[in-house]
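Structure assessment
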Amino acid sequence: MNLYLDNNILIDIEKGLLSIRDIQKNLEIDLDKIYFSAAHIQEALEMTGDTDEEKNNRILKRFDTISNICKMDYLHEDMNNRVSILQRKPEEVYDTLITTHSFANNAMKGLISMIPESAKESVRVQLGLNPILMNNYTPLEVTEHLKKKFSEFGQNGSILELLEQVKNFHPDGKSFGLSNDIAGVFEFLDMVGYWKDKVTSKSNYARLWDSNHTFFAAHCNYFISDDKRTRNKAKVAYHLFGISTKVLSSKGEE
């Protein structure tokens, strides 16, 4: 079985709070490979330190953690949205990101912050959505519930059909791949209040990486995350796109 670990799992392993042996025992599986992606490297670059030296040391330590866990098994998404398995060191992925995506971070941060929280709250109120109630729904139940709620306001269609309508307004919408589609599902679910992230200055950007990890994990047998909000959003995304990846916590909880 192949695993993809959320960033929070890497952090706990790095701190000595968790081990791969623990995960394998809790999941009761025969482990084949564990993959990493550019999302892990990007999140490493978000780390801070009191000095540049401290920050660089933390980043290098994370690269070592990734290497020890994943060896060189890397999931790569190309410009045509195709994912392939390559043999790469974290440092090599880092060099590629620096040379090809030097301005990407600030651009993405701006794009995903366009809808203010007040507007999202207004949507939830107008639709009469109850996040506490929805959080107890299965992926199928929540998608049907939201379809019904939107139809009451003249917006007929499934979540994916609604997202397709939104994509039509984007100049590059027709070229969006699965990674962008899953990011759209995460944003939509958070907007309607389903396992909504706690609002912080970084929550929108953090959700982008959550969806990106979910995308790469779709190419593995298991997605392991100890963030319950991410797990539940990922389950809905996988349900919508017919993806069989199983989503569990490091303790084997759904």
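A short tour of the structure in this document, coming up.

So, how was this worked out
Residues numbered from 1 in each chain as written. Predicted model: local features only at pLDDT ≥ 70, side-chain atom pairs only at ≥ 80, totals over all residues. Heavy atoms only, no water. Helix = DSSP H or I, 4+ residues; strand = E, 2+ residues; numbered from the N terminus. Buried < 20%, exposed > 50% of the residue type's maximum accessible area, 1.4 Å probe, protein only. Arc of directions from axis to C-beta. Contact = heavy atoms within 4.5 Å. Disulfide = S-S within 2.5 Å. Patch = residues over 30% accessible without salt bridge, like charges linked within 9 Å, V, L, I, M, F, W, Y side chains within 5 Å. Areas by Shrake-Rupley, 256 points an atom, 1.4 Å probe, with all protein chains shown as cover. Salt bridge = Lys/Arg side-chain N within 4 Å of Asp/Glu carboxyl O. Lys, Arg positive; Asp, Glu negative; His and termini not counted. Charge placed at Lys NZ, Arg CZ, Asp CG, Glu CD. Core = buried A, V, L, I, M, F, W, Y, C linked by side-chain atoms within 4.5 Å.

As a further point, take unusual backbone geometry. Residue N81 is not a glycine yet carries a positive backbone phi of 70°. The topology assignment puts N81 in the loop between β3 (73–77) and β4 (83–87). Unlike most non-glycine residues, W195 shows phi in positive territory, near 45°. Within the secondary structure, W195 sits in the loop between α11 (178–192) and α12 (203–217). Given the relative accessible area of 18%, W195 is considered buried.

This part takes up helix α7 (residues 117–127). Residues of α7 that are buried include every one of K120, R124 and L127, and no others. An end-on view of α7 places all buried positions within 75° of arc, on one side of the element. Exposed residues on α7 whose side chains face more than 90 degrees from its buried face are S118, V125 and Q126. Directly beyond the C-terminal end of α7, a positive phi value near 65° is found at G128.

Mapped onto the elements of the fold, Y35 is located in strand β2 (residues 33–37). Remark: the alpha-carbon pair of Y35 and Y4, spanning 31 residues in sequence, is separated by 5.4 Å. Not counting residues within four places of it along the chain, the set of residues in contact with Y35 comprises N2, L3, Y4, H40, C70, D73, Y74, L75, I85 and C220.

Before going further, it helps to spend a moment on helix α1 (residues 7–14). All of the buried residues along α1 are N7, I9, L10 and I13. One face of α1 carries all of its buried residues, which in axial projection span an arc of 155°. Where α1 terminates, the next one or two residues include G16, which has phi positive at roughly 80°.

Our next topic: the state of the cysteines. Under the counting rule described, the total for this entry stands at zero disulfides. In this structure C70 is not part of a disulfide, and its nearest cysteine sulfur, from C220, lies 9.4 Å away. Overall, C70 belongs to the buried group, its relative accessible area being 2%.

Where like charges cluster on the molecular surface, the negative patch consists of D64, E91, E92 and D95. For the negative patch, the leading source of residues is helix α5 (residues 90–100), giving three residues. Here E91 shows up in helix α5.

The subject of this paragraph is the environment of I224. Within the element layout of this structure, I224 appears in strand β5 (residues 222–224). Along the primary structure I224 and L3 are separated by 221 residues, whereas in three dimensions their C-alpha atoms are 7.2 Å apart. Excluding residues within four positions of it along the chain, I224 makes contact with L3, Y4, L5, D6, I9, L27, L248, S249 and S250.

Counting 36 residues, the largest nonpolar core has Y4, L146, F188, L189, V192, Y194 and Y238 as the members making the most contacts within it. Only α9 (139–151), α10 (159–167), α11, α12 and α13 (228–241) provide two or more residues apiece to this core. A per-element tally of this core places α11 first, with seven residues. I13, I23, I41 and L45 belong to the second-largest nonpolar core, a separate cluster that totals 27 residues.

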